[in-house]
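Chain by chain, the residues:
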Amino acid sequence: MADSKRVLLASPRGYCAGVDRAVETVERTLDKHGAPVYVRKEIVHNRHVVDTLIERGAIFVDETDEVPEGAIVVFSAHGVSPEVHRTAEARQLKTIDATCPLVTKVHQEAKRFARDDFDIILIGHEGHEEVEGTAGEAPEHIQVVDGPDAVDNVVVRDPERVIWLSQTTLSVDETMETVGRLREKFPLLNDPPSDDICYATQNRQVAVKAMAPECDLVIVVGSQNSSNSQRLVEVALQNGAQASYLVDYARDIDLAWLDGVQTVGVTSGASVPEVLVRGVLDLLAEHGYEDVETVTTAQETLVFALPRELRPARNPR
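Residues numbered from 1 in each chain as written. Predicted model: local features only at pLDDT ≥ 70, side-chain atom pairs only at ≥ 80, totals over all residues. Heavy atoms only, no water.

Novice: Looking at this structure, how should I read the sheet that holds strand β1 (residues 6-11)?
Specialist: By way of backbone hydrogen bonds, the strands of a sheet pair with one another, either parallel or antiparallel. Strand order in the open sheet formed by five strands is β10-β9-β11-β1-β12, and the pairing between neighbours is parallel. Looking at strand neighbours, the two that pair on one side only are β10 (244-247) and β12 (291-296), the edges of this open sheet. Here the average twist between neighbouring strands, direction ignored, is 25°. Summarising the sheet, β1 and strand β11 (residues 263-268) pair through four bridges and their orientation is parallel. Note that in β11 the partner of Arg6 across the bridge is Thr263. Contacting β1, β9 (217-221), β11 and β12, helix α7 (residues 199-211) crosses the sheet at an angle of about 180° to β11. Relative to the sheet, helix α9 (residues 274-286) contacts β1, β9 and β11, its axis offset from that of β11 by approximately 165°. (Pairing = 2+ DSSP bridges. Helix = DSSP H or I, 4+ residues; strand = E, 2+ residues; numbered from the N terminus. Axes fitted to C-alpha atoms, helices over the stretch in contact; angles between N-to-C directions. Contact = heavy atoms within 4.5 Å.)

Right, dumping it as structure tokens:
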């Protein structure tokens, strides 16, 4: 039986187009302007990425008022509210916005439906940066609903003018459960004009669903404050994995987790560089899990352009 140890490696996993763009935005800003470059909040929710950028001269702050007047500040992939833009302007900061375009899309939807005087129900985690940024677009129209159980507290002015939007990194299944509860309460609830949950979040969850039933253990590489990584652990457990844990690094793996385990699933959140996954695979190989089979459920080709301040200048003809 010892020979039957194996790893199922989920694909897609790791970096999505929005994270790739955000991390490159900070790197290019450092290349162009030199250190220090200030970044409001963690550029993406990954410990390793943040530590690596700190080494290069990025300074992470919680709020724009911690940035010296006139300095450069990068806004994180999770997006910011109009209030944050106003504060930055008042301090004459040079801003570079690394908000993921898929988050920007939800902001635009929020503004549009607020203009049309809808009550907007934003499904998302209270206190998450993305939710704070989106809710800040129209605070008087938006109420945050954190999961199905929060639906009971929702009060709207006109049940015929209600729409739901969502944080982009949620679990598809839990979101639809919340929407179902909302629809029971508000039968005329409007759906967003397009799917808010990001393609990468969905794809990573689908890959985990495909492999979880065969896994005794699923290791998700990602940070504790990464919403989409946390969701992958939940999806693994809900879809048949015997156990699942979130780790930042291979060294965080407790070898006791491997006792009696034949099949280990491995995946990573959308803000996780592949080098961290390789570290986990190396550690597993040292413990007899050398047979690695990739479970592919989608191909990703999407790439987002960098913020225009960092795009190469076009050559004049």
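Still to come is the rest of the account.
Novice: Would you mind showing me how to read the sheet that holds strand β7 (residues 142-145) here?
Specialist: In spatial order, the strands read β7-β6-β8; together these three strands make up an open sheet with parallel pairing. Of all strands in the sheet, those with a lone pairing partner are β7 and β8 (162-166), marking the two edges. Geometrically, the sheet is characterised by an average inter-axis angle of 30° between neighbouring strands, direction not taken into account. Relative to β8, strand β6 (residues 119-123) runs parallel, the two being bridged by five bridges. Directly across from Ile121, in β8, lies its bridge partner Trp164. Relative to β8, helix α4 (residues 101-115) is tilted by about 165°, and along the sheet it contacts β6, β7 and β8. Sitting on the sheet, helix α6 (residues 172-185) touches β6, β7 and β8, and the angle it makes with β8 is about 170°.

Novice: Explain the environment of Val7 to me, please; I cannot follow it from the model alone.
Specialist: By the secondary structure assignment, Val7 is in strand β1. Given a relative accessible area of 0%, Val7 falls into the buried group. For the pair Val7 and Glu293, spaced 286 residues apart in sequence, the C-alpha to C-alpha distance is 6.2 Å. Aside from chain neighbours lying at most four places away, what touches Val7 is Val264, Val266, Leu281, Leu284, Tyr289, Asp291, Val292 and Glu293. (Buried < 20%, exposed > 50% of the residue type's maximum accessible area, 1.4 Å probe, protein only.)

Novice: Explanation requested: the side chain of Ser11 in the structure shown.
Specialist: Topologically, Ser11 is positioned in strand β1. Overall, Ser11 belongs to the buried group, its relative accessible area being 18%. Look past the residues within four positions of Ser11 in its chain and what remains in contact with it is Ala207, Thr294, Val295, Thr296, Thr297 and Ala298.

Novice: Whenever I open this one, the state of the cysteines confuses me. Can you help?
Specialist: Per the counting criterion, the structure on display carries zero disulfides. Cys16 takes part in no disulfide bond, and the closest cysteine sulfur, belonging to Cys198, lies 5.6 Å away. Since its relative accessible area comes to 11%, Cys16 is described here as buried. (Disulfide = S-S within 2.5 Å.)

Novice: Help me understand the packing of helix α1 (residues 17-33) against helix α2 (residues 47-56) in this model?
Specialist: A pair of packed helices is captured by two measures, namely the crossing angle of their axes and the spacing between those axes. At a minimum axis separation of 11 Å, α1 and α2 run at an interaxial angle of 5°. Considering the angle they form, α1 stands roughly parallel to α2. Together, Val23, Val26, Glu27, Leu30 and Asp31 of α1 and Val49, Leu53 and Arg56 of α2 make up the contact between the two elements. (Parallel < 35°, antiparallel > 145°, perpendicular 65-115°, else oblique.)

Novice: Looking at this model, I keep getting lost on the pairing of β7. Mind explaining?
Specialist: Side-chain positions along a regular strand alternate between the two faces of the sheet. Here β6 runs beside β7; their pairing, made up of four bridges, is parallel. Bridge pairing in β7 links Ile123 to Val145. Handedness of the β-α-β unit built from β6, helix α5 (residues 129-135) and β7 comes out right-handed. (Right-handed = clockwise from strand over helix to strand, strands pointing away.)

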